Amino acid sequence: VDWLTRRGIRRGLASLLVVILVLAVIALMLTFAGTQVASGVSRLSDQIVDALEEIRNWLQTGPLHASDSQINSLIHNAQNMVSKQGTDLSGRITEIGSAVGHIVAGLFIILFATYYFLADGARIWSWVVRLFPRAARAKVDGSGRTAFKTLVQFVRATVLVAATDVIAIVIWAAVLQVPFVSAIGVLVFIGAFVPMIGATLSGAIAVLVALVAKGPIAALLMLAGVLVVQQLEAHILQPFLMGRFVRVHPLGVIVSIALGLVLAGIPGALIAVPLAASLNAIVSYLTARPPEPAAPEPPAET
């Protein structure tokens, strides 16, 4: 928005263009991934049937030596469980519709608030600062701006980590000729913003796709690649970037994520690290000692 404003575009129009651009980029990513999934879903379904048949043969001829009756009983129990879940799900249509309504309403509130934060953020912050006593306004303003800079650095570091994960995992999946490479890349990028849980879930999906499409050897190789990328992220990228940009101790990151999970589940874990980084920046700013006054120079000799 600032870049567009410096080039002569009114701030309100620039904010609207940025919001539309962000929505377009997200829609393009999801559409591209969805198109790839739709084009290969029929071939993948045939591979799933073949994989299930291989599992059935392994149960019969492998170390378990399961009989047809035991396999059929297992399949029947699985079908009953799925049927029961479907019955329970059909009885919760009202709850699902209410949740979808809340999600849609929340999305519009987010877009509405984002536009006005971009367009009138400076005036909104000035109004917030004026709510405090006059003597505290300078510290409130300075600590708030410091926290916002820390939040910006956190987002930049997370984007860099997510981009690195996507490039490494997508290249490895392409080498193994795993299908749905673009969809896997989108999931990995989105999952990088959810600490601890997101990377694990996106990596598990990549391994499952490799298992169904290419077999157990490719799945093991895909798992090895995902684990290597996650170890590089956890021990090199995250400490280096977060320590350089955000300056939060690794123990503080783990504790904040744990507290976020306990208090608010996955959404709590999502905002725990940026919140801890912002609070750390505010405390550091408020407790910083003021500069010592310069000592007076001695009078010049005559």
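**Considerations on the overall build of the protein chain**
When helices and strands are tallied, the protein chain shows 9 helices and 0 strands. Its helices and strands in sequence order give the protein chain the pattern α-α-α-α-α-α-α-α-α, from N to C terminus. Taking all 302 residues of the protein chain together, the buried fraction comes to 25%. Once local pairs closer than 6 in sequence are excluded, the contacts in the protein chain between residues at least 24 apart make up 62%. Only carbon and sulfur atoms are counted for the fraction: they give 72% of the accessible area of the protein chain, which is about 20700 Å².

**Focus on the pattern of salt bridges**
Evaluation of the coordinates by the stated rule reveals 3 salt bridges. Here Arg11 ties to Asp2 by a salt bridge, and the two come within 2.9 Å at their closest N and O atoms. The exposure class assigned to Arg11 is partly exposed, which follows from its relative accessible area of 33%. Given a relative accessible area of 44%, Asp2 falls into the partly exposed group. The salt bridge involving Arg145 is made with Asp141; its shortest N-O contact spans 3.0 Å. Within this pair, Arg145 and its partner Asp141 are both found in helix 5 (residues 137-175), separated by 4 residues, close to a single helical turn. We classify Asp141 as partly exposed; its relative accessible area is 23%.

**A few points about a nonpolar patch on the surface**
On the surface, a nonpolar cluster with roughly 850 Å² of combined accessible area is contributed by Ile167, Ile171, Trp172, Val175, Ile217, Leu220, Leu221, Leu223 and Leu227. At the level of elements, helix 5 and helix 8 (216-245) are the ones that each hand at least two residues to the nonpolar patch. With 5 residues, helix 8 is the largest single contributor of residues to the nonpolar patch. By relative accessible area, Trp172 is classed as partly exposed at 31%.

**What to know about the packing of aromatic side chains**
Given two aromatic rings, one states the distance between the centres and the angle between the planes to describe the pair. One pass over the full model with this rule turns up 2 aromatic pairs. Relative to Tyr116, the ring of Tyr115 lies with its centre 5.0 Å away and its plane at 80 degrees, an arrangement referred to as edge-to-face. According to the relative accessible area criterion, Tyr116 is partly exposed, its value standing at 35%. The structure contains a cluster of three or more aromatic residues connected by ring pairs, namely Phe112, Tyr115 and Tyr116.

**Details of the nonpolar core**
Ile169, Ala173, Val178, Ile184, Val188 and Met222 are the most contacted members of the largest nonpolar core, which totals 20 residues. When contributions to this core are tallied by element, the ones reaching two or more residues are helix 5, helix 6 (181-191), helix 7 (197-214) and helix 8. Phe154, Ala269, Val273 and Ala277 belong to the second largest nonpolar core, which has 7 residues in total.

**With respect to the side chain of Asp165**
You can see Asp165 is positioned in helix 5. Look at Asp165 and you get buried, because its relative accessible area is 4%. In contact with Asp165, other than residues within four places in its own chain, are Val188, Val229, Glu233 and Leu237.

**A few points about helix 5**
For helix 5, which comprises 39 residues, the first-to-last C-alpha distance of 57 Å matches the rise-based estimate of 57 Å (1.5 Å per residue) to within 8%. Positive phi appears at Gln177, one or two residues downstream of helix 5, with a value of about 60 degrees.

**Observations regarding the environment of Gly268**
Within the fold, Gly268 resides in helix 9 (residues 250-287). Sequence spacing of Gly268 and Ile257 is 11 residues, and the spatial spacing of their C-alpha atoms is 7.6 Å.

**A short note on the confidence of the model for the protein chain**
Overall, the predicted model of the protein chain reaches an average pLDDT of 78, with 73% of residues at or above 70. When mean pLDDT is compared element by element in the protein chain, helix 1 (residues 2-5) scores highest at 93, while helix 3 (residues 68-90) scores lowest at 60.

**Some details on helix 6**
Among the 11 residues that make up helix 6, 8 are buried, leaving the element largely enclosed by the rest of the structure. Buried within helix 6 are the following residues: Val181, Ser182, Ala183, Ile184, Gly185, Val186, Val188 and Gly191.

**Structural notes on the packing of helix 5 against helix 6**
Closest axis-to-axis distance for the helix 5/helix 6 pair is 9 Å, and the angle between their directions is 155 degrees. When the interaxial angle is binned, helix 5 and helix 6 end up roughly antiparallel. Considering the relative orientation of helix 5 and helix 6, their crossing is right-handed. On helix 6, the residues that touch Val159, Ala162, Ala163, Asp165, Val166, Ile169, Val170, Ala173 and Ala174 of helix 5 are Val181, Ile184, Gly185, Val188 and Phe189. Tallied by class, residues from the contact of helix 5 with helix 6 come to 12 nonpolar, 1 polar and 1 charged.

Calculation rules
Note that residues are indexed from 1 along each chain, following the sequence as it is written. This being a predicted model, a pLDDT of at least 70 is required before a residue's local features are given, and a value of 80 or more before pairs of side-chain atoms are given or counted; all residues contribute to the totals for chains, interfaces and linings. The basis for the side-chain values is all heavy atoms of the structure; hydrogens and waters are excluded. Numbering of helices and strands runs from the N terminus; a helix is a DSSP stretch of H or I covering at least four residues, while a strand is a stretch of E covering at least two. Classification of residues uses two cut-offs on accessible area relative to the type maximum, computed with a 1.4 Å probe and protein chains only: under 20% is buried, over 50% is exposed, and between them is partly exposed. When checking whether two residues touch, look at their non-hydrogen atoms; a contact exists if any pair is within 4.5 Å. Accessibility throughout is a Shrake-Rupley quantity obtained with a 1.4 Å probe, and a residue counts as covered only by protein chains that appear here. What counts as a salt bridge is simple: a side-chain nitrogen of Lys or Arg found within 4 Å of a carboxyl oxygen of Asp or Glu. The residues that make up patches have over 30% relative accessible area and no salt bridge, and they are joined within 9 Å when like-charged or within 5 Å when they are Val, Leu, Ile, Met, Phe, Trp or Tyr. Two rings from Phe, Tyr or Trp (for Trp, the six-membered ring) form a pair when their centres sit within 6.5 Å of each other. Planes less than 30 degrees apart are called stacked, planes more than 60 degrees apart edge-to-face, and all others tilted. Nonpolar core, defined: a set of buried Ala, Val, Leu, Ile, Met, Phe, Trp, Tyr and Cys residues in which side-chain atoms within 4.5 Å join the residues together. A helix is expected to span 1.5 Å multiplied by its residue count minus one. Confidence of the predictor at the level of single residues is given by pLDDT, which spans 0 to 100. The angle between two axes is taken between their N-to-C directions and runs from 0 to 180 degrees, where each axis is a line fitted to C-alpha atoms and a helix contributes only its stretch in contact. The labels follow the angle: roughly parallel below 35 degrees, roughly antiparallel above 145, roughly perpendicular from 65 to 115, and oblique for the rest. Crossings are classed by handedness, with left-handed meaning an anticlockwise turn of the near helix from the far one by less than a right angle and right-handed meaning a clockwise turn. Here the term charged refers only to Asp, Glu, Lys and Arg, the term nonpolar to Ala, Val, Leu, Ile, Met, Phe, Trp, Tyr, Cys and Pro, and the term polar to all other amino acids, Gly among them.

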